[in-house]
2 protein chains.
Amino acid sequence: MEFKKIFLPESELPTQWYNIAADMPTPMEPPLHPGTGQPVGPDDLAPIFPMNLIEQEVSQDRWIDIPEEVMKFYKIWRPSPLYRAYGLEKALDTPARIYFKNEGVSPAGSHKPNTAIAQAYYNKVAGTKRIITETGAGQWGSALSMCCALFDLECKVYMVKISYNQKPYRRLMMETWGAKCVASPSTETNAGRQILEKNPESPGSLGIAISEAVEVAANDNEAKYALGSVLNHVMLHQTVIGQEAQKQMAIAGDYPDIVIGCAGGGSNFAGLTFPFIRDKIHGRNVEIIAVEPSSCPTMTRGPFAYDFGDTVQMTPLLPMHSLGHSFVPAPIHAGGLRYHGMAPLVSQLVMDGLIRPEAIPQMETFKAGITFARAEAFISAPETTHAVAMTIREALKAKEEGREKVILFNWSGHGLVDMAAYEAYLNGKLADHELPAEEIRRALKDIEPLPKPRQYLAGTI
Amino acid sequence: MEFKKIFLPESELPTQWYNIAADMPTPMEPPLHPGTGQPVGPDDLAPIFPMNLIEQEVSQDRWIDIPEEVMKFYKIWRPSPLYRAYGLEKALDTPARIYFKNEGVSPAGSHKPNTAIAQAYYNKVAGTKRIITETGAGQWGSALSMCCALFDLECKVYMVKISYNQKPYRRLMMETWGAKCVASPSTETNAGRQILEKNPESPGSLGIAISEAVEVAANDNEAKYALGSVLNHVMLHQTVIGQEAQKQMAIAGDYPDIVIGCAGGGSNFAGLTFPFIRDKIHGRNVEIIAVEPSSCPTMTRGPFAYDFGDTVQMTPLLPMHSLGHSFVPAPIHAGGLRYHGMAPLVSQLVMDGLIRPEAIPQMETFKAGITFARAEAFISAPETTHAVAMTIREALKAKEEGREKVILFNWSGHGLVDMAAYEAYLNGKLADHELPAEEIRRALKDIEPLPKPRQYLAGTI
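Keep in mind the model is a prediction, meaning the values are calculated, not measured.

Basis of the calculations
- Residues numbered from 1 in each chain as written.
- Chains lettered and ligands numbered in written order.
- Predicted model: local features only at pLDDT ≥ 70, side-chain atom pairs only at ≥ 80, totals over all residues.
- Heavy atoms only, no water.
- Helix = DSSP H or I, 4+ residues; strand = E, 2+ residues; numbered from the N terminus.
- Rg over C-alpha atoms; globule rule 2.2 N^0.38 Å.
- Contact = heavy atoms within 4.5 Å.
- Areas by Shrake-Rupley, 256 points an atom, 1.4 Å probe, with all protein chains shown as cover.
- Domains from an automatic or database assignment.
- Buried area = accessible area lost by both parts, 1.4 Å probe.
- Salt bridge = Lys/Arg side-chain N within 4 Å of Asp/Glu carboxyl O.
- Polar contact = N/O pair within 3.5 Å; in protein donor to acceptor, adjacent residues only side chain to side chain.
- Pairing = 2+ DSSP bridges.
- Axes fitted to C-alpha atoms, helices over the stretch in contact; angles between N-to-C directions.
- Buried < 20%, exposed > 50% of the residue type's maximum accessible area, 1.4 Å probe, protein only.
- Arc of directions from axis to C-beta.
- Phe/Tyr/Trp six-rings, centres within 6.5 Å; stacked < 30°, edge-to-face > 60°.
- Lys NZ or Arg CZ within 6 Å of the ring centre and 35° of its normal.
- 1 Å grid on protein atoms, 1.4 Å probe; cavity = no way out; pocket = protein on both sides within 12 Å on 5 of 7 lines; lining within 4 Å.
- Points joined across faces, edges and corners; volume = space filled by probe spheres on them.
- Nonpolar A, V, L, I, M, F, W, Y, C, P; charged D, E, K, R; others polar.
- Least-squares fit on C-alpha atoms with pLDDT ≥ 70 in both.
- pLDDT = per-residue confidence, 0-100.

## Comments concerning the overall build of chain A
Regarding its fold elements, chain A presents 19 helices and 16 strands. The C-alpha radius of gyration computed for chain A amounts to 21 Å, which stays within 12% of the reference 23 Å derived for 461 residues, consistent with globular compactness. With respect to the principal axes defined by its C-alpha atoms, chain A has extents near 60 × 50 × 45 Å. In chain A, the proportion of contacts linking residues at least 24 apart, taken out of those at least 6 apart, comes to 77%. Here chain A has roughly 15700 Å² of accessible surface; of this, 49% comes from carbon and sulfur atoms.

Structure representation (structure tokens):
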């Protein structure tokens, strides 16, 4: 069959999310209360999340029905098309057959609305009036703003101040969709004021922004907090990507030898790969690769440990690959991959040998982004270029070995709101960031003073 | 049938372009040579266009085959989805059924690649090594850059200097695709140097940029010039939009009472509407509305006349609605609609009463853009908001009249690279621009000193 892309009709949209918790070879370690060191229960989370989402967070059901109302809104951009990358294959002169799933077709330009729409829906039915969140580069904040507009919910986004100032387009998207976007640290919260007292010029950080958002949500009966990655229910919602891709690969008459996604908190990666990892658990021969930046090598150089999700230690302790909650990644342009930890589900699957983590330096990713843009027309988000770069590595390896490998990757979003990153690359203003082992060791020390003795579950630097 | 959008499979992609020249009720007036006042022949155009495109420009064939190579590249983003705007219908509480064709799914974010890919192809087979063009806000320049990358052609874009400085993202898109983008007026051309000598601080204009591009193309044997709107072959290439929409409306079981597009040079408007105008010529009852900005009211306040396409009077004289080639529109954010003329084909159809032109002020268009973004999620380009605003007017009229009208409009592109325009609106920095009749009269005087006595074909201010 000759084709460039495969559309699924709306009738083929998956009707259930796939919950990989039901198939984990190793049972998950529970999250721990930061004060007591005891496993947290649903009640501990109730002040900041609605109970229907908490139930999903701890569910062991393999399949969870997607509510009709969520399906209705998924249809704004889903099913997303699956592409055959003939142009890239030709540019690389590789015998590999390369496919990518285009998640850039959502109105926000990335995969983030897959969970934003679900979270907005569950909050709406739970009676939430407003959702509070944080955002770094702005992909998540803009996606949630859009979904809150569709469900007529108020939305407030604490955006890391340096991004707020440097990336006005994402903030403007949020405001166009009716959200309120505040530069963090702000004077609106105790956490923000505390930071500003120490350093009035603080550029902010994701950790600080999380603290502000959680504080506001916890102190407002009508508000809840929302997170765009890391947590189990977020991974769950993203599995529509991989389920669609499986149907589309079947229509194409192919099955991937390799499935690739970039991973910051892990959600777009999990979304594409979890349904394929299920196949792998059932004996299918498929390699799963998670790509992270060399300058934030959570899976490749961080241990599997109990650590906080935020810098100021307000969240539960999560069992995950981490570089330590005080680790400050270099200011690479892939803002969505600058996170010290990794989703617990993804981390455990790395431990179990079902996922192969790889780290790629920034310059290689932008070179790949340019190659892709000129061969396939689409301009990739800086995060997405990591998956593109890994795909190119594997396609060239297939060429060297003379093997017709089938490679599938998640094209998680377009880069049209991130062109400043391409400018830096094209004008020779970018470089790779070395990350000395001492720097990681220093940050990892922060993981030590935890209430539980087994905070280091495994791994070394 | 319940649906949100209708995908056509690639096998349903139109295989021919529709040439409305074959069905015009009134024969077209010919373009005239600026020096002699005589009709221009193909040879006059040969220095700047390849002969295969000149043949299309003058063709009277109703259907023109789309080359297989062009079809291959169309499949990167075509067929584009047709949407039912349930969200907007609900927000307006209207009995109207609203549909829109989403041309924002192209990698450049607009309809422009429909003709850019064809023009790149025809230049490639004609042996052109590089294509020279101009761009205002950058939609066309970026689309052509992308298509030149796909055909391995060099591309040079003269971008109006004020936009070059104010809209770096579009320029960066061009550079990412490998094009060279130059601020116009530049010191590279006689035209540019001439302007800069008079005014070193010149912010540039589309007219100046056209002069620079044409000069460079005419003086380089390996180069040709390309235009992104106005000309017959550009309208032709865009008709894939309307042909797809007709198939999709049939699948939806509906036929539009009203078809709407915004019109600057006329190409996205023509692309959607020409196949429906064909139906109308054959007796179908369908209203066709072309929407322009109140501050650049080419069709609603400009006469049908012979005028130059550019400010410095280098192009042939075209029979078109025009405000005069020296007219300088107010600096509205819909840069793609700031053009003094209108495509001759569209102009003639307005004269024949087959198209109803309407002008809408800027503030109303942004209000419509916000309503649309919060109801349908997609953020519209400032040009596209004109079509949205007209759709809202008609939907509210249908509500008033209690009639189930079917409205179809062209969602010609997304606004993610134009967020500064939304910022201005949201922060109360935008206003409507009054356009006194004296100002138009002054600009229209420039049309007078033409070699032919019938330069005013019809119309008044």
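There's plenty left to go through after this.
## Let's talk about the domain arrangement of chain A
All names here are of chain A. Splitting chain A by domain gives domain 1 (78-109 + 233-444) and domain 2 (113-227). On the side of domain 2, 23 residues touch domain 1, which itself brings 24 residues to the contact. Approximately 1700 Å² of surface area, both sides summed, lies buried where domain 1 meets domain 2, with 61% of it carried by carbon and sulfur atoms. The interface formed by domain 1 and domain 2 contains one salt bridge. A salt bridge links Asp 418 to Lys 167, with the nearest nitrogen and oxygen atoms 3.9 Å apart. Counting the contacts that link domain 1 with domain 2 gives five residue pairs in polar contact (both at pLDDT 80 or more).

## Some words on the sheet that holds strand S8 (residues 180-184) of chain B
All names here are of chain B. Overall, parallel pairing links the four strands, which are arranged S8-S7-S6-S9 in an open sheet. Two strands in the sheet have a free side with no partner beyond their single neighbour: S8 and strand S9 (223-225). Geometrically, the sheet is characterised by an average inter-axis angle of 25° between neighbouring strands, direction not taken into account. Alignment of strand S7 (residues 154-160) against S8, held across five bridges, turns out to be parallel. What sits directly across from Tyr 158, in S8, is Val 182. With respect to the sheet, helix H6 (residues 139-150) is in contact with strand S6 (130-135) and S7, its orientation differing from that of S6 by roughly 165°.

## Focus on helix H9 (residues 190-198) of chain B
Residues and elements named next belong to chain B. Among the residues making up H9, those that are buried are Ala 191, Gly 192, Ile 195 and Leu 196. The buried residues of H9 all sit within an arc of 125° when viewed along its axis, so they share a single face. Exposed side chains of H9 directed beyond 90 degrees from the buried face belong to Glu 197 and Lys 198. For H9, the secondary structure elements touched by its buried residues are helix H7 (161-166) and helix H10 (206-218).

## A look at the packing of aromatic side chains
All names here are of chain A. Taken as a whole, this structure holds 42 aromatic pairs over all chains when the rule is applied. Among the aromatic residues, those joined into a cluster by ring pairs are Tyr 83, Phe 100, Phe 372, Phe 378, Phe 409 and Trp 411. Sitting over the ring of Tyr 164, Arg 171 keeps its end group 4.9 Å from the ring centre.

## Re the environment of B:Lys90
Structurally, B:Lys90 is set in helix H4 (residues 86-92). Taking the C-alpha atoms as reference, B:Lys90 lies 40 Å from B:Asn165; in sequence the two are 75 residues apart.

## Let's talk about empty space enclosed by the protein
This structure, assessed with the given rule, holds five cavities of 30 Å³ or more. Taken together, 22 residues line the largest cavity, and the ones lying closest to its centre are A:Gly104, A:His414, B:Gly104, B:Val105 and B:His414. Class assignment of the residues belonging to the lining of the largest cavity gives a composition of 12 nonpolar, 10 polar and no charged. When its volume is computed, the second largest cavity comes out at roughly 140 Å³.

## Brief notes about the relation of the copies chain A and chain B
For these two chains of identical sequence, chain A goes onto chain B by a turn of 180° and a shift of 0.0 Å along the axis, with RMSD 0.0 Å. Accordingly, the operation relating the two chain copies is best matched by a two-fold axis. A share of 100% of the interface residues of chain A reappears at the interface of chain B, consistent with the copies meeting face to face through the same patch.

## Regarding the confidence of the model for chain A
Residues and elements named next belong to chain A. Looking at chain A as a whole, the pLDDT averages 93, with 97% of positions reaching at least 70. Taken as a whole, residues 449-455 scores under 50 in pLDDT and shows 18 contacts with residues more than four places along the chain or in a different chain. Two summary scores accompany this predicted model of the complex, namely pTM at 0.96 and ipTM at 0.95.

## Here we look at the interface of chain A and chain B
A common way to express how large an interface is: the accessible area buried when the components associate. On the chain B side, the residues contacting the 42 residues of chain A number 42 residues. Among the salt bridges present, the one from B:Arg171 reaches A:Glu423, with a minimum N-O distance of 3.5 Å. Looking at the side of chain A that touches chain B, the elements that each hand over two or more residues are helix H6 (139-150), helix H8 (168-176), helix H16 (362-376) and helix H18 (419-426) of chain A. Looking at the side of chain A that touches chain B element by element, the count peaks at six residues for H8(A). For the side of chain A that touches chain B, the class distribution of residues is 28 nonpolar, three polar and 11 charged.

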